[in-house]
Structure formats: C-alpha cells, structure tokens
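Read off the chains here:
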Amino acid sequence: MREAARRLKIILEMIKFEHTIFALPFALISALLAARASDLPHGLPTAAMTAWIVCAMVGARSAAMAFNRMVDSRIDARNPRTSMRAIPAGQLTLKQVGLFTLGSLVVFEIAAYEINPLCFALSPAAIIAILGYSFTKRFTALSHIVLGLAIGIAPVGAWLAITGQFHLVPVLLGATVMFWIGGFDIIYALQDTDFDRASGLHSLPQSMGKSRALWISRIMHLTMVMLLLAVGYFAHLHTLYFLGVAVVAGLITYEHSIVSPDDLSRVNVAFFNLNGWVSLALFGFVILDRLVLR
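In this report, the structure presented in the accompanying data block is examined.

Attention now goes to the overall build of the protein chain. In terms of regular secondary structure, the protein chain is built from 14 helices and zero strands. Each helix and strand of the protein chain, placed in order from N terminus to C terminus, yields the pattern α-α-α-α-α-α-α-α-α-α-α-α-α-α. C-alpha extents for the protein chain along the principal axes are approximately 55 × 45 × 35 Å. The 294 residues of the protein chain split such that 51% are buried. Considering only contacts within the protein chain whose residues lie at least 6 apart along the sequence, 74% involve residues at least 24 apart. Of the roughly 13700 Å² of accessible surface on the protein chain, 68% is carried by carbon and sulfur atoms. Charged side chains of the protein chain number 22 positive and 16 negative; the gap between the two group centres comes to 4 Å.

So, in structure tokens, the structure goes:
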C-alpha cells in the first residue's frame, strides 16, 4: 500500500493534478448559468450534480495528461527540458501510467452515466478529443488549438449536464476556453522551439518563429476577452461579472508583459501561476454577480 501510494503521488505530480483548476472553474461557471436558465431551486445546481461534474472533469483531465505523458515519453527522454519527467526518468513504467489512465477514464464514464443519457452518449467523442490531442504535434502546428478545443468541451458538457440541451452560452464559454488554453499553450511551446524544429515536431513557434507566435497568442487572448463579454451579454449578467472580465484582461495583459521572444525565464510563472488566477478570478466574480445582483 505504501508503494502504491508513492507511485500515485508521482503520477499526480507528473500530470500536474493541481492544474485541474485551470478549466474546472469554467465548467462550474457553465453549470451555474445553466441552473439559472433552467429555473432550478435557488438558481443553483444540486450538490450531487456538481459532484458528478467535478468527477467527470477530473477524470477526463487526468486521463488526458497521463496519456500524453505515455505517448510523448520517448520525445520527453530526448528533450533536456523534459528528460527528468517520471517515465523517461524511470520512476514510473508505461504499464503503471496506462492503468492510471484507464482508471481515470472509468471515473469519467461513470460520472457521464450518472449525469444523464445525453452526456453518456457523447462521452466517447469527448474521449477521442482529449486523447487524440497527444498525437497532433506530430503533423500540425495547430495542435495548440486542438488542445484548447479538447478542454473547451468542459463548459459545454457541464451545461448539458444541467439542462440536457445545447445553448449559445456554453458554446461561447467553450470557445473562450479554446482561445485561452490555445493562447497560453503557444507561450509554453516557446521553450521547445529549437527542439521541435530539430525533431520534426510542429508548433506555431517552430513554424512561424517566436515573435509571430506570440502575436498569435495575444490575438487569441484578445478574442477570449471579447467572447467573455459576449457570454455576459447573452447570459444577462451584471456589473460585477464585467468587472471580473476586466480583471481577467489585466491578468492576461500582465502574462504577456513578462514573456518575450528573447526572455523566456518567466514562462512558468505565466503558464502555471497566472492562468490559475484567471479562471478562479472569473468564477469568483460570477458567484458575486449571481449572489449580489440576482
């Protein structure tokens, strides 16, 4: 048991489990807005439904990250930046990570089944998207967009969990996540530009150069902010929400101010720290908007 716990800890560190917080607040925002649109009691999703949404999100994200580490293990071993990750460093075997991936997918499927028949029926498509991303950088520089699209499924799924119907608002939230995740994945990929070029891997920094890729990232994040404004309009949100959007815009602007093509020393700060605050800040302002101005 002690050895199993040690390996689980290594796996959770490997997949950066704590970074589930990046996209989870967007799923919860969608669930909250869906509950209001459905006229649920007190305008809130039930505790049980919220728990299943969280389980689905955690299971899907954990499976995607673990699968990515498996698929990229040989690439990671050749890259000086990633050579000490758990699989290439020999701390974990492919079988161990494979079992964790399978277990995470089981959690996701159980959650989808418990949510409603529509979510369960659509779950295979979600699995294809979240696992398929891992192969895209082998043939397209648009892998950043594919990653964003895969994670952008979360708010759409959360809305379907509450209402069982599609709607414009979750689609806008999903697009917001797509441009947000894709934009900061471009920033993260700046670190591997030379390695990707030498290895025949694809990314926007590798294909367009660091400066142009950063401009694409900025445009994507500007689009994200515009989409958040559209969400506020179509979801009939109030002043506090739009104040939250302003805070998000400020954080994104600061994120770009500390990264340049010639100075990548603070990429991890931008990627791992600031992005967590982006989603948490927006979620907090949505809650305030709902509680204070409902």
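So that's the structure; there's more coming.
So, about the pattern of salt bridges. If charged atoms from side chains of opposite charge come close, those side chains can pair. This structure, assessed with the given rule, holds five salt bridges. A salt bridge links aspartate 72 to arginine 138, with the nearest nitrogen and oxygen atoms 3.2 Å apart. With aspartate 72 in the loop between helix H3 (47-71) and helix H4 (73-78) and arginine 138 in the loop between helix H6 (117-136) and helix H7 (143-151), the pair connects residues that are 66 residues apart, well separated along the chain. Classification of arginine 138 as partly exposed rests on a relative accessible area of 31%. Arginine 85 is the salt-bridge partner of aspartate 76, the closest N and O atoms lying 3.2 Å from each other. Here arginine 85 falls in the buried class, since its relative accessible area comes to 19%. One continuous salt-bridge network, built from bridges that share partners, spans Asp72, Lys137 and Arg138.

This paragraph deals with the state of the cysteines. In this structure the tally under the stated criterion is zero disulfides. Cysteine cysteine 55 is unpaired, with the sulfur of cysteine 119 as its nearest cysteine sulfur at 14 Å. Judged by relative accessible area, cysteine 55 falls into the partly exposed class, the value being 30%.

Scanning all chains against the criterion turns up six aromatic pairs. Ring centres of tryptophan 180 and phenylalanine 184 lie 5.5 Å apart, and the angle between their planes is 75°; on these two criteria the pair is classed as edge-to-face. Of this pair, tryptophan 180 and phenylalanine 184 both sit in helix H9 (residues 168-189), four residues apart, which is roughly one turn of that helix. For phenylalanine 184, a relative accessible area of 3% translates into the label buried.

Looking at the element boundaries, serine 62 is found in helix H3. The contact partners of serine 62, leaving out residues within four places of it in the chain, are Ile15, Phe17, Phe100 and Ser104.

Thresholds, definitions, all that
Residues numbered from 1 in each chain as written. Predicted model: local features only at pLDDT ≥ 70, side-chain atom pairs only at ≥ 80, totals over all residues. Heavy atoms only, no water. Helix = DSSP H or I, 4+ residues; strand = E, 2+ residues; numbered from the N terminus. Buried < 20%, exposed > 50% of the residue type's maximum accessible area, 1.4 Å probe, protein only. Contact = heavy atoms within 4.5 Å. Areas by Shrake-Rupley, 256 points an atom, 1.4 Å probe, with all protein chains shown as cover. Lys, Arg positive; Asp, Glu negative; His and termini not counted. Charge placed at Lys NZ, Arg CZ, Asp CG, Glu CD. Salt bridge = Lys/Arg side-chain N within 4 Å of Asp/Glu carboxyl O. Disulfide = S-S within 2.5 Å. Phe/Tyr/Trp six-rings, centres within 6.5 Å; stacked < 30°, edge-to-face > 60°.

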